[in-house]
Amino acid sequence: MTATSMRTHMCGELGSSDAGTRVRLCGWVSRRRDHGEHLAFVDLRDHSGITQCVVDGSVDVRSEWVISVEGTVRARPEGTVNAELATGEIEVVDCIVEVLGHAEPPPFPVDDRAETDESVRLRYRYVDIRRPRMQRNLRLRARVVEALRSAMVRQGFCEVETPLLWTPTPEGAREFTVPSRLHHGSFYVLPQSPQIAKQLLMVGGTDRYFQIARCLRDEDLRADRQFEFTQLDIEASFVSQEDIQGAITEAVADATEAAVGESPGEAERITWHDAMDRYGSDKPDLRFAMELLDIGQVFAGTSVRAFDAPCVKALLVRGGASLGRNRLDALVDRAKELGGKGLAWFKVTSTDPAAVDSPLDKFLGDAERAGLVSGTGAAEGDLVLVVADIWHTVCRVLGALRLDLGRPPITEGGRRFCWVTDFPLFDGVDDAGRPQAAHHPFTMPHPDDIDRLTSDPLSVRSQAYDLVLNGWELGSGSIRIHREDIQRQVFDALGISSGEAESRFGFLLGAFRYGAPPHGGFAVGIDRLVALLAGEGNIREVIAFPKTQSGTDPMTGAPKPVAETVLRDLGLRPIPKPG
Ligand code: ASP
């Protein structure tokens, strides 16, 4: 609906074919320019764009006042066409202006050029949202959500709402707790995802469920993380992981098309092991190569102590020999911060005969020097970075350096979706030496590895998979355990006793005893997907009212104390934070 009883057109839609038409527009005064006493140009803005209105100099309107203008469209005189404005060929003349709302001077200019501190933007978010960038992002978000929703409906999924007042979800994040007024001392927990509810829906025969679900996690905030975020959450019965991945691929392709007008290329597929081994990350950014190179062979039986390790890998930095000593020292420090023992660097000064400039050069044999150069394909002027350690550490350190040195800016390099599959079932061990669930304890082990659940749990792969876009984890999912015997073995490996399992997830395990179909699901982080499609590096740019990095809302002042009576009703007494 553009025309209403108050207006005939939007500010961004008039063109030369409307010349001669009497129109009525409504919006905010973007800018006023006075030309002498009798003439003023008023740029009128709504979310669709800007129209120049020529008004009498005596008309009293100022920046961000809300007005309506009735006037006649005319082609702009020769030489005054503004090619940068969609409506730049016309202007509105013979105007009758009505002031609908006055405004104080805005706290910052309402355009995309101004660099305004984020806390000020969030404090006056209602003004910030008027800016074209925010309007573009919010509307792109709406198109993405609409496309995701209709893709799921088209594929036979049924939208179901699950409760916000819930009970703990076993996914590892800290949760928000809500005190019960009717049951003092008892609490609801806000869902970090609808995980358990959607599995119960499968037991309930829903077959294919989806929800545009708000999830809440009380975790430290970052560029890609907020306390509350939105997921496309799905679950389906009688499916393989490929079925789930296919349904999500289709929905995300539609969303991409709706957001940016082009469909993404085929998503690549890579196992977790290969992603770590080749890119040093379980969320590889495939927009650039710079793969980690295994040069263990070159240093087999080496006398260089630093390279006497189970895994030796290199990163080739083309043209990197020009990096100065400070930059190299910073890379070494970064490698140590990331948990590496160190980082060896070699500037390749010649390939034939192989020659390098490096503090370690004097320790290298000729064959090692030659192997280092040929094994990495280095050319003169390149830099080779080497880390030797256990496989996991080598991959992690070089994977981070690969991103530091090679990652293109967010808006460059296209969109490279990939499915990372075969994640390990367990993610290392806790202080007591117990395996930790990598995803959540209901994730189905890989069928080929189930018999090692007790004997060698850390080697067991799972049927868990992630969707990754340009190095951002867009979402994860898995096939779930629906068989009691396998669930018991996984709980045993995790050190969860049957008593504990009963008290934490008894209602789910109980439900499984009443006929659980094989099922699996996935959740796509909509904020992240929208941010990447909008070319934004921070999800706050695609959320209408986000929290700051420290979890506050400068506009409403939340979180803030509540009245004593509210606490009393809830049966709570505040305890001052220690320290
Ligand atoms: N519940 C999971 C998550 O929020 C997604 C899933 O396994 O479906 O990450």
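Because the structure is predicted, anything quoted here is derived from the model rather than measured.

## Describing the pairing of strand 3 (residues 49–56)
It is a general feature of regular strands that their side chains alternate between the two faces of the sheet.
Phase 1: In terms of residue burial, strand 3 counts as a mostly covered element, since six of its eight residues are buried.
Phase 2: For strand 2 (residues 39–46) and strand 3, the ladder comprises eight bridges, and the chain directions are antiparallel. When the sheet's bridge partners are listed, Val42 is paired in strand 3 with Cys53.
Phase 3: Following strand 2, the chain reverses through two residues before pairing antiparallel with strand 3.

## Focus on the pairing of strand 13 (residues 311–317)
Phase 1: Extensive coverage of strand 13 is indicated by the burial of seven of its seven residues.
Phase 2: Here strand 13 shows two buried faces, one formed by Cys311, Lys313, Leu315 and Val317 and the other by Val312, Ala314 and Leu316.
Phase 3: Pairing of strand 12 (residues 293–294) with strand 13, which is carried by two bridges, proceeds in the antiparallel orientation. Looking at strand 13, one finds that Leu293 is bridged to Ala314.
Phase 4: Relative to strand 16 (residues 383–389), strand 13 runs antiparallel, the two being bridged by seven bridges.

## Things to note about the packing of aromatic side chains
Phase 1: Across all of its chains, the model carries twelve aromatic pairs by this definition.
Phase 2: Plain terms: the ring middles of Trp272 and Trp391 are 5.9 Å apart, the flat faces sit at 65° to each other, and that makes the pair edge-to-face. Of this pair, Trp272 sits in helix 6 (residues 272–279) while Trp391 sits in helix 9 (residues 391–406), and the two are 119 residues apart along the sequence.
Phase 3: Residue classification places Trp272 among the buried positions, given a relative accessible area of 14%.
Phase 4: Ring pairs connect the aromatic residues Phe299, Phe307 and Phe346, which therefore count as one cluster.

## Points about the site of the ligand
Phase 1: Taken together, 14 residues lie near the ligand, and Glu171, Gln195, Lys198, His439 and Arg480 sit nearest.
Phase 2: Between the ligand and Gln195 there is a distance of 2.6 Å, counted from a nitrogen atom to a side-chain nitrogen or oxygen.
Phase 3: In the model, an oxygen atom of the ligand is placed 3.2 Å from a nitrogen or oxygen of the Gln231 side chain.
Phase 4: Protein coverage of the free-state accessible area of the ligand, which is 270 Å², stands at 95%.
Phase 5: Within the residue set of the shell around the ligand, elements represented by two or more residues are helix 4 (195–203), strand 21 (472–479) and strand 22 (519–525).
Phase 6: Examining the composition of the shell around the ligand, we find that three residues originate from one element, strand 22, more than from any other.
Phase 7: The residue makeup of the shell around the ligand, split by class, is two nonpolar, eight polar and four charged.

## Quick word on the sheet that holds strand 6 (residues 158–159)
Phase 1: Ordered by their spatial adjacency, eight strands build an open sheet running 6-9-10-22-21-20-17-11, and the pairing between neighbours is mixed. Strand pairing shows two members of the sheet lacking a second neighbour, strand 6 and strand 11 (268–271), which therefore form its edges.
Phase 2: Two strands pair when backbone bridges link them, and strand 20 (residues 464–469) and strand 21 are joined in this way by six bridges, in the antiparallel orientation. Bridge assignment links Leu467 to a residue of strand 21, and that residue is Gly475.
Phase 3: Lying over the sheet, helix 12 (residues 526–534) contacts strand 9 (208–216), strand 10 (228–237), strand 20, strand 21 and strand 22, oriented at roughly 145° with respect to strand 21.

## Remarks on the pattern of salt bridges
Phase 1: Under the criterion given, the structure shown has 50 salt bridges.
Phase 2: A salt bridge links Arg22 to Glu70; the shortest N-O distance between them is 3.5 Å. You can see Arg22 sitting in strand 1 (residues 22–35) and its partner Glu70 sitting in strand 4 (residues 66–75), a full 48 residues away along the chain.
Phase 3: In this structure Arg22 comes out as partly exposed when scored by relative accessible area, which is 37%.
Phase 4: Put simply, Arg33 and Asp43 hold a salt bridge, and the shortest N to O gap is 3.1 Å. Separated by ten residues along the polypeptide, Arg33 in strand 1 and Asp43 in strand 2 bring together distant segments of the chain.
Phase 5: When its relative accessible area of 8% is taken as the criterion, Asp43 is described as buried.

## Things to note about the side chain of Arg121
Phase 1: Relative to the assigned elements, Arg121 resides in helix 1 (residues 118–123).
Phase 2: A polar atom in the side chain of Arg121 sits 3.0 Å from the side chain of Asp128.
Phase 3: Excluding anything up to four places from it in sequence, Arg121 contacts Phe108, Thr116, Asp128, Arg131, Met134 and Glu541.

## Considering helix 12
Phase 1: Burial analysis of helix 12 places eight of its nine residues in the buried class, which makes it a mostly covered element.
Phase 2: When we look at burial in helix 12, the residues that qualify are Ile526, Asp527, Arg528, Leu529, Val530, Ala531, Leu532 and Leu533.
Phase 3: Trailing helix 12 by a residue or two, Gly535 shows a phi angle of about 75°, which is positive.

## Concerning the environment of Val420
Phase 1: Here Val420 lies in strand 17 (residues 417–421).
Phase 2: Taking C-alpha positions, Val420 is 48 Å from Leu14, a pair spaced 406 residues apart along the chain.
Phase 3: Contacts of Val420, omitting those with residues within four sequence positions, involve Ile270, Thr271, Trp272, Ala275, Asp282, Pro284, Ala464, Tyr465, Asp466 and Val468.

## So, the packing of helix 6 against helix 9
Phase 1: Here helix 6 crosses helix 9 at 60°, and the two axes come no closer than 7 Å. It follows that helix 6 is oblique to helix 9 by the angle criterion. Residues Trp272, His273, Met276, Asp277 and Tyr279 of helix 6 pack against Trp391, His392, Cys395, Gly399 and Arg402 of helix 9.
Phase 2: Classifying every residue of the contact of helix 6 with helix 9 by side-chain character gives five nonpolar, three polar and two charged.

## Considerations on the sheet that holds strand 16
Phase 1: Taken in spatial order, the five strands of this open sheet run 12-13-16-14-15, and their pairing is antiparallel. Looking at strand neighbours, the two that pair on one side only are strand 12 and strand 15 (354–357), the edges of this open sheet.
Phase 2: Most of the contacts of helix 7 (residues 325–337) go to strand 14 (residues 344–351), to which it runs at about 135°, and overall it touches strand 14 and strand 16.

Basis of the calculations
Residues numbered from 1 in each chain as written. Predicted model: local features only at pLDDT ≥ 70, side-chain atom pairs only at ≥ 80, totals over all residues. Heavy atoms only, no water. Buried < 20%, exposed > 50% of the residue type's maximum accessible area, 1.4 Å probe, protein only. Helix = DSSP H or I, 4+ residues; strand = E, 2+ residues; numbered from the N terminus. Pairing = 2+ DSSP bridges. Phe/Tyr/Trp six-rings, centres within 6.5 Å; stacked < 30°, edge-to-face > 60°. Near = heavy atom within 4 Å. Polar contact = N/O pair within 3.5 Å; in protein donor to acceptor, adjacent residues only side chain to side chain. Areas by Shrake-Rupley, 256 points an atom, 1.4 Å probe, with all protein chains shown as cover. Nonpolar A, V, L, I, M, F, W, Y, C, P; charged D, E, K, R; others polar. Contact = heavy atoms within 4.5 Å. Axes fitted to C-alpha atoms, helices over the stretch in contact; angles between N-to-C directions. Salt bridge = Lys/Arg side-chain N within 4 Å of Asp/Glu carboxyl O. Parallel < 35°, antiparallel > 145°, perpendicular 65-115°, else oblique.

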